[in-house]
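Listed below, chain by chain, are the residues.
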Amino acid sequence: MVLLCFVLAAAAFLGATFYADARLGRVVRLTHDVSDNAMPSLAEIGVMQRTLASVRLTLGQQVEGREMDSAAFDDDVRELQEARRKYESYPQFAGEPEIWAPARPALDALPSVIAAIRSDAEAGRLVSAEQTLDREFAPAEAIVSRALAGVHRLNLEQGTLAARGADSAWSRTRTVTFALDFACAMLTAALAALALVTARRLFASEALRANELDAFASRVAHDIRGPLTLPLVALQRLDQELDGDFPQRPMIDRGIRGLRRAEALVNDLLTFARAAAAPPADASAPLRDAIAGALQDCERDASCARVQLDVGELPEAVVRCSPGVLTSIVGNLVSNALKFMPAEAGVRVVSVRASVDDELVCVEVQDTGDGVPEDQRARIFEPYVRGDATRPGLGLGLATARRLVIAHGGRIGLRSRPGGGAVFWFELPCRRDRNQDERGLHLPRAELDRSLQRL
């Protein structure tokens, strides 16, 4: 349907353009008939009629023996011949050459007749001059006058018809062009509406697919986590009951580690599936409390990786999200930094910094590792993308952090750390009310300070 509407809109546009071009071509031709044929011809016909009458009047005066202005007479003769030349150079309407044909020989004979009349009049032979005027000039003048009147009438009629035809063609062209433009506009509007509906359906379908995928992942993770718990508890119980070294202990330890890795992967998948859920409107989390909790959760992994956790001065702020969400975001970023700390790194430190500005809290997690390669930065927050495939995990930690931050109206990003390493940061809306901050603390202030100092 979208393709069909596009084709119809394009066809209407091209049709309007071609029709208008064709009709305007006819208007141009009719206009040229008026401007290049009828009007110039009428002008030269008028000149010939005026100069011919003036020549006849001057010759009559000379035949009667009165004085004449020879220079003015010669100008009239030259103007008559020039007007004839111009008129015959213009295009002619159908039937016009036949009307003008008798005037050609008459005009050709006039110069010699005029010369004879003037010669007799100047020699005093007025009777002979008058006879030549009546017998030769007068009939030629009558023929030319009739021809001029005929072509004048024809050019006037044809010019009037051409002007009316141009006006009619222009009116029809405007009407049809407006109709085609309206049809084109309607088809374009229909195309836009259809595209909008299609886009909405596509977005709704994508959202439904994403929701179904999240629900499916959540169900699968939940269903798998239950069966994993029983063998893990059984192996741990067996490991506790069997004292000392025995041949089966390595296999039991290997089974426990494998089940714990599987449980961790399932938990990551479940957390990622739930990360895009809409946050509660009244959710709030103390920044210091959440960061302390996240670092306490990562303390064991940091010790195993021989990485020092460093915490800067944290502002007293309450973030507009649940404590679990904020702890999960910070924990995922810190865990990612610990996981990808190079074994050969000399300085092994992961630092957490936070600041508050314009009702936003910004948290930064810095590491002294190798940083993120340029070719991976564009996709580092996408699901199942891992910088090093040899590291454990599904590649959902950063993707989960990104979904949680975006779901709560924030931003997340990455930049290089001066001196080497990476800085992962995120921003979330916060509340600056101190009383509310105090009420939101989960730990007593003294205990929280001691916990941060120990980390």
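How each quantity is defined
- Residues numbered from 1 in each chain as written.
- Predicted model: local features only at pLDDT ≥ 70, side-chain atom pairs only at ≥ 80, totals over all residues.
- Heavy atoms only, no water.
- Helix = DSSP H or I, 4+ residues; strand = E, 2+ residues; numbered from the N terminus.
- Polar contact = N/O pair within 3.5 Å; in protein donor to acceptor, adjacent residues only side chain to side chain.
- Contact = heavy atoms within 4.5 Å.
- Core = buried A, V, L, I, M, F, W, Y, C linked by side-chain atoms within 4.5 Å.
- Buried < 20%, exposed > 50% of the residue type's maximum accessible area, 1.4 Å probe, protein only.
- Axes fitted to C-alpha atoms, helices over the stretch in contact; angles between N-to-C directions.
- Parallel < 35°, antiparallel > 145°, perpendicular 65-115°, else oblique.
- Left-handed = near helix turned anticlockwise from the far one by under 90°.
- Nonpolar A, V, L, I, M, F, W, Y, C, P; charged D, E, K, R; others polar.
- Salt bridge = Lys/Arg side-chain N within 4 Å of Asp/Glu carboxyl O.
- Phe/Tyr/Trp six-rings, centres within 6.5 Å; stacked < 30°, edge-to-face > 60°.
- Pairing = 2+ DSSP bridges.
- pLDDT = per-residue confidence, 0-100.
- Expected span 1.5 Å × (residues − 1).

Undergrad: How do you make sense of the side chain of Glu 364 when you look at a structure like this?
TA: By the secondary structure assignment, Glu 364 is in strand E5 (residues 360-367). A polar side-chain atom of Glu 364 sits 2.7 Å from a polar atom in the side chain of Arg 415. When near neighbours in sequence (up to four residues on either side) are disregarded, Glu 364 contacts Ser 351, Val 352, Arg 353, Arg 415, Val 423, Phe 424 and Trp 425.

Undergrad: How do you make sense of the nonpolar core when you look at a structure like this?
TA: Across soluble globular proteins, you tend to see nonpolar side chains buried next to one another. Among the nonpolar cores identified, the biggest contains 45 residues, and Leu 326, Val 334 and Phe 426 are the most heavily contacted of them. Elements supplying a minimum of two residues to this core: helix H7 (287-304), strand E2 (308-311), helix H8 (323-339), strand E4 (349-357), E5, helix H10 (397-407), strand E6 (411-416) and strand E7 (422-431). With 8 residues, H8 is the largest single contributor of residues to this core. Sequence-distant contacts of Leu 326, that is, excluding residues within four places in its chain, are made with Ala 285, Pro 286, Leu 287, Ala 290, Val 319, Cys 321, Phe 426 and Leu 428. Formed by 28 residues, the second largest nonpolar core is a distinct cluster that contains Leu 59, Met 68, Ala 121 and Leu 148.

Undergrad: How should the packing of H8 against H10 be read in this particular structure?
TA: Helix packing for two helices is described by the angle between their axes and how far apart those axes are. Contact geometry of H8 with H10 gives a least axis separation of 9 Å together with a crossing angle of 150°. Judged on the interaxial angle alone, H10 and H8 are roughly antiparallel. For the crossing formed where H8 meets H10, the hand is left-handed. Residues Val 325, Ser 328, Ile 329, Asn 332, Leu 333 and Asn 336 of H8 touch H10, and the partners they reach there are Gly 397, Leu 398, Thr 400, Ala 401, Leu 404 and Val 405. For the contact of H8 with H10, a count of residues per class yields 7 nonpolar, 5 polar and no charged.

Undergrad: Mind showing me how you'd approach the pattern of salt bridges here?
TA: Where charged atoms from two side chains of opposite charge come close, those side chains can pair. If you walk through the whole model with that rule in mind, you get 16 salt bridges. With a closest N to O distance of 3.1 Å, Arg 118 and Asp 74 form a salt bridge. Of this pair, Arg 118 sits in helix H4 (residues 103-122) while Asp 74 sits in helix H2 (residues 70-89), and the two are 44 residues apart along the sequence. Classification of Asp 74 by relative accessible area gives partly exposed; the value is 31%. The closest approach of N and O atoms between Asp 108 and Arg 84, which form a salt bridge, is 2.7 Å. One end of the pair, Asp 108, is in helix H4; the other, Arg 84, is in helix H2, with 24 residues separating them in the sequence. Beyond isolated ion pairs, a larger network of salt bridges with shared partners links Arg 84, Glu 88, Arg 104 and Asp 108.

Undergrad: So what exactly am I meant to see when it comes to unusual backbone geometry here?
TA: A negative phi holds for most residues other than glycine; trans holds for most peptide bonds. With a phi close to 55°, Arg 306 is a non-glycine residue in the positive phi region. Mapped onto the elements, Arg 306 comes out in the loop between H7 and E2. The class of Arg 306 is exposed, set by a relative accessible area of 55%.

Undergrad: I'm lost on the packing of aromatic side chains in this one. Help?
TA: Think of a pair of aromatic rings as described by two things: how far the centres are apart, and how the planes are tilted against each other in angle. Evaluated as defined, the whole model comprises 2 aromatic pairs. Where Tyr 87 meets Trp 100, the ring centres are 4.9 Å apart and the plane angle is 70°; that geometry is what we call edge-to-face. Note that Tyr 87 is positioned in helix H2 and Trp 100 in helix H3 (residues 96-100), a separation of 13 residues in sequence. Of the two residues, Tyr 87 and Trp 100, neither departs from the other in class, the shared state being buried. Ring plane angle 80° and centroid distance 6.0 Å describe the contact between Phe 381 and Phe 424, whose orientation is recorded as edge-to-face. Residue Phe 381 is located in the loop between helix H9 (374-377) and H10, and its partner Phe 424 is located in strand E7; the two are separated by 43 residues in the primary sequence. Phe 424 carries the same exposure label as Phe 381, and that label is buried.

Undergrad: Before we go on, may I ask you to explain the pairing of E2 in this structure?
TA: Look at any regular strand and the pattern is simple: side chains alternate between the two faces of the sheet. Here E2 shows a buried face lined by Leu 309 and Val 311 and an unburied face lined by Gln 308 and Asp 310. In terms of strand pairing, E2 meets E4 through 4 bridges, oriented parallel. Bridge pairing in E4 places Asp 310 opposite Ser 351.

Undergrad: What should I look at first to understand the confidence of the model for the protein in this one?
TA: Any region with low pLDDT has predicted coordinates that should not be read closely. Summing up the model confidence of the protein, the mean pLDDT is 80 and the portion of residues at 70 or higher is 83%. Averaged over each element, pLDDT in the protein is lowest for helix H11 (residues 434-440) (43) and highest for E5 (93). In this model residues 434-445 is a low-confidence stretch, pLDDT under 50, and it forms 20 contacts with partners more than four residues away in sequence or in other chains.

Undergrad: Honestly, the packing of H2 against H4 in this entry has me stumped. Any pointers?
TA: For the pair H2 and H4, interaxial distance at closest approach is 12 Å and the crossing angle is 170°. Compared by their axis directions, H2 and H4 come out roughly antiparallel. In this structure, H2 contributes Ser 70, Phe 73, Asp 74, Val 77, Gln 81, Arg 84 and Glu 88 to the contact, and H4 contributes Arg 104, Leu 107, Asp 108, Pro 111, Ile 114 and Arg 118. Grouping the constituent residues of the contact of H2 with H4 by class yields 5 nonpolar, 2 polar and 6 charged.

Undergrad: It is not clear to me how H8 should be interpreted in this structure. Could you clarify?
TA: Within an α-helix, residues lying three or four positions from one another point in the same direction, as the helix has 3.6 residues per turn. With 17 residues, H8 should cover 24 Å at 1.5 Å per step; its first-to-last C-alpha distance of 24 Å lies within 8% of that length. With respect to burial, H8 is a largely interior element, 12 of its 17 residues being buried.

Undergrad: Would you take a moment to explain the pairing of E7 for this structure?
TA: Most of E7 is tucked away: 10 of the 10 residues are buried. For E5 and E7, the ladder comprises 7 bridges, and the chain directions are antiparallel. Bridge pairing in E7 places Val 363 opposite Phe 426. In this structure, E6 lies alongside E7, joined through 6 bridges in antiparallel fashion. When the bridges of E7 are listed, Ile 412 appears paired with Phe 426. Count of turn residues in the E6/E7 antiparallel hairpin: 5 residues, of which Gly 419 carries a positive phi of about 90°.

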